[in-house]
Amino acid sequence: MSESRFTPERIRSLHTKSAEIVLSPKYISITSDEIWGGVYFSRTGWCAHAPGDASPQWIGENFRKALQTSEYFNKPEVPFLDREEIQLMKEASNRRRIAFLDEIVQTYGYKNRDEVVRRCDMVFTSWHYLIEDFVTLIASKRVPGGHSAWGPMDKKKYAETNLIVPLSVSDEELGLAIRDALSRCEAPGRQKINSPPTSI
């Protein structure tokens, strides 16, 4: 019998936490993720929003909370996760996601949820929390129906849009790094990348 490719070292390297940062002309939001063979809106992790010109201190503090409360539920050594458990998670995740979007609708005067996510910039993040003391911030490009990151095959863009930030930095420094990552996002055509006031 061949040796399993899921060695203890490999399993440790797969454990990941993540959070998403979204910037629109009106607001910035930070949401914690759950990882279940895919990434889902966290049922219990930290989620927050603020006006788009929120301070770097606020951004860094809330991102750190969202990242730390992210949860990894994958079982790399198990072929299939429990379908019933996943379905219950998806339902609870979607309820919380919708409630969060409805709160943004009411707070910033949007007409509906579709408007909330229109023309937003997004930064994905990744933290291999069992083996690394830094987080990777991943700027994205707007594509029909959502956002996409550049892969390593596009070496120049990949290098420009993946920022490595030590988690030992202050909340303010972390927030400034996130602002930097947001500035590296891209949008099609005449759409503009959202940016904070020049005072930030």
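The following paragraphs examine the structure supplied in this document. As the structure is a prediction and not an experimental result, all values here were calculated from the model. (Residues numbered from 1 in each chain as written. Predicted model: local features only at pLDDT ≥ 70, side-chain atom pairs only at ≥ 80, totals over all residues. Heavy atoms only, no water.)

Tracing the chain through its elements places Arg12 in helix H1 (residues 8–14). For Arg12, a relative accessible area of 41% translates into the label partly exposed. Remark: the alpha-carbon pair of Arg12 and Ser126, spanning 114 residues in sequence, is separated by 14 Å. The residues contacting Arg12, other than those within four sequence positions of it, are Leu130 and Ile131. (Helix = DSSP H or I, 4+ residues; strand = E, 2+ residues; numbered from the N terminus. Buried < 20%, exposed > 50% of the residue type's maximum accessible area, 1.4 Å probe, protein only. Contact = heavy atoms within 4.5 Å.)

A few words on the environment of Asp180. Among the secondary structure elements, Asp180 is positioned in helix H6 (residues 171–183). For the pair Asp180 and Tyr110, spaced 70 residues apart in the sequence, the C-alpha separation amounts to 27 Å.

Time to look at the nonpolar core. The biggest cluster of nonpolar side chains holds 26 residues, and the ones touching the most others in it are Ile21, Ile28, Phe63, Val135, Leu137 and Ile178. Put simply, the parts of the chain that give this core at least two residues each are strand S1 (19–23), strand S2 (27–35), helix H2 (56–68), strand S7 (134–139), strand S10 (162–166) and H6. Top element by residues in this core is H6. It accounts for 5 residues. The residues contacting Leu137, other than those within four sequence positions of it, are Phe63, Val123, Phe124, Thr125, Thr161, Asn162, Leu163, Val165, Ala177, Ile178 and Ala181. If you look at the next biggest cluster of nonpolar residues, it comprises 13 residues, including Phe100, Tyr108, Tyr110 and Met122. (Core = buried A, V, L, I, M, F, W, Y, C linked by side-chain atoms within 4.5 Å.)

This next bit is on H6. Taking 1.5 Å as the rise per residue, H6 with 13 residues should run 18 Å; its terminal C-alpha atoms sit 18 Å apart, in good agreement. What H6 keeps buried is the set Leu174, Gly175, Ala177, Ile178, Arg179, Ala181 and Leu182. (Expected span 1.5 Å × (residues − 1).)

Summarising the element assignment, Val143 is placed in strand S8 (residues 141–143). Val143 sits 42 residues away from Leu101 along the chain, and the two C-alpha atoms are 20 Å apart.

The end-to-end C-alpha distance of H2 is 18 Å, a good match for the 18 Å that 13 residues give at a rise of 1.5 Å each. Those residues of H2 that are buried lie in contact with S1, S2, strand S4 (47–51), strand S6 (121–126), S7 and H6.

So, on to the side chain of Ser24. As for its placement among the helices and strands, Ser24 is situated in the loop between S1 and S2. A polar atom in the side chain of Ser24 sits 3.1 Å from the side chain of Tyr110. The contacts of Ser24, once residues within four sequence positions are left out, are Tyr110, Cys120 and Asn194. (Polar contact = N/O pair within 3.5 Å; in protein donor to acceptor, adjacent residues only side chain to side chain.)

The next point concerns the pattern of salt bridges. As enumerated under the stated definition, the model contains 8 salt bridges in all. The shortest N-O distance in the salt bridge between Lys156 and Glu160 comes to 2.6 Å. Of the two residues, Lys156 and Glu160 are both situated in helix H5 (residues 155–161); the distance of 4 residues between them amounts to about one turn of the helix. Owing to a relative accessible area of 31%, Glu160 belongs among the partly exposed residues under this scheme. (Salt bridge = Lys/Arg side-chain N within 4 Å of Asp/Glu carboxyl O.)

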